[in-house]
Amino acid sequence: MRRSSSDLGWQVAEVAMVGKTVLVLGAGGNFGGAAAAALAAAGWQVSRYARGTDMGLAARGASLIVNGLNPPNYHAWARLIPEITASVLAAGRASGASILVPGNVYVFGTEPGPWGAATPHRPVARKGQVRAEMEARYHEAAGRGQKVVILRAGDFVAAGNAGTILNMVMLKAIARGRVTALGAPEVPHAWADLSDLGRATVALAEQLPALPAFNDIGFAGLTFSPADLAAEAARQLSRPVALKRFPWWALRLAAPVWELGRELLEMRYLYETPHSIDGGDFAHLLPGFSSKTLPQVVAEHLAARGLQGR
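Residues numbered from 1 in each chain as written. Predicted model: local features only at pLDDT ≥ 70, side-chain atom pairs only at ≥ 80, totals over all residues. Heavy atoms only, no water.

1. A short note on the nonpolar core
Note that soluble globular proteins tend to have their nonpolar side chains buried in a common cluster.
In step 1: In terms of nonpolar packing, the biggest core is built from 62 residues, with Leu166, Ile174 and Leu229 touching the most fellow members.
In step 2: Among all residues touching Ile174, those that are not within four sequence positions of it are Val179, Ala233, Leu237, Arg239, Val241, Leu302, Arg305 and Leu307.
In step 3: With 31 residues, the next largest nonpolar core counts Val46, Val149, Leu194 and Ala203 among its residues. (Core = buried A, V, L, I, M, F, W, Y, C linked by side-chain atoms within 4.5 Å. Buried < 20%, exposed > 50% of the residue type's maximum accessible area, 1.4 Å probe, protein only. Contact = heavy atoms within 4.5 Å.)

Spelled out as structure tokens, the structure:
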């Protein structure tokens, strides 16, 4: 039977849609939410996984699984992250979907930077060890034929997200002319804007057919110190901004009865360890990609607080 050009066009569109079908785990969270929004805007058919349901069933027909699942407030990482990893890998095997998972910097401990795919994994904290073991399982799965992309980034920033370190701590008192430093004021730290990471997820997802089985891709994002942040805020506000040190002693007092406080104390070293992320592989794959600058990020955060910058 002869098919019309409109029929053929419909078939091509259908094939394209099948190839751009993604299951997003943790779509209500930071990375998962940013990835889901960006993929949907780019024309992907996005399914949002409901916790507690059959992940293998949910992944049927998907060409990509984005794993944004993370136990909240670091709760029970040592038990829950291996369970999540096993479920994601099983769903990927059953569906044939590639897997994209956000990587962080915990695995590197205090190794010299910039941190990237060639940096040894030598974690110095329990959560870093959990993440290193998780990544090793993804690497092993890629050796057996599953396609895995680890998109590695620093601490998340997002002007409208009250749960980021920038909003919860560092800029909490900016209306009173103060930036809070979690470590030495001049120590550079890796950061990643969530909307930029969402776009990066889309860009890498579009590259999947050409990628090897295992990919450890660093997203350089932004690198700035508390002093840099305070200086830029002062410039935009046209008034002095003071730098104060975070009272870690208060967390130590609260740690016996506050789980999140205990978990944050373990990661204190990251704010005393100068670091940045090597984005060379990402830039090679996506040379036209541009990220927000520190002035843009500061302007967005000031505006979200109703502060007039310039």
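2. Regarding the pattern of salt bridges
In step 1: With the rule as written, the count across this model stands at 12 salt bridges.
In step 2: Its salt-bridge partner being Glu232, residue Arg235 comes within 2.6 Å of it at the nearest N-O pair. Taken as a pair, Arg235 and Glu232 lie in helix H8 (residues 226-237) at a separation of 3 residues, close to a single helical turn.
In step 3: It is possible to trace a salt-bridge network through shared partners that takes in Arg126, Lys127 and Glu266. (Salt bridge = Lys/Arg side-chain N within 4 Å of Asp/Glu carboxyl O. Helix = DSSP H or I, 4+ residues; strand = E, 2+ residues; numbered from the N terminus.)

3. So, the sheet that holds strand S2 (residues 45-48)
In step 1: Taken in spatial order, the 6 strands make up an open sheet running S2-S1-S3-S4-S5-S9, and their pairing is parallel. The sheet terminates laterally at S2 and strand S9 (214-218), the two strands that pair on one side only. Across this sheet, the average inter-strand angle for adjacent strands is 20°, counted without regard to direction.
In step 2: Two strands pair when backbone bridges link them, and strand S5 (residues 148-152) and S9 are joined in this way by 5 bridges, in the parallel orientation. (Pairing = 2+ DSSP bridges. Axes fitted to C-alpha atoms, helices over the stretch in contact; angles between N-to-C directions.)

4. Some thoughts on the side chain of Ser225
In step 1: Locating Ser225 in the fold gives a position in the loop between strand S10 (222-224) and H8.
In step 2: Setting aside residues up to four positions removed in sequence, Ser225 forms contacts with Pro185, Glu186, Val187 and Pro188.

None of this, on its own, says anything about what the molecule does.
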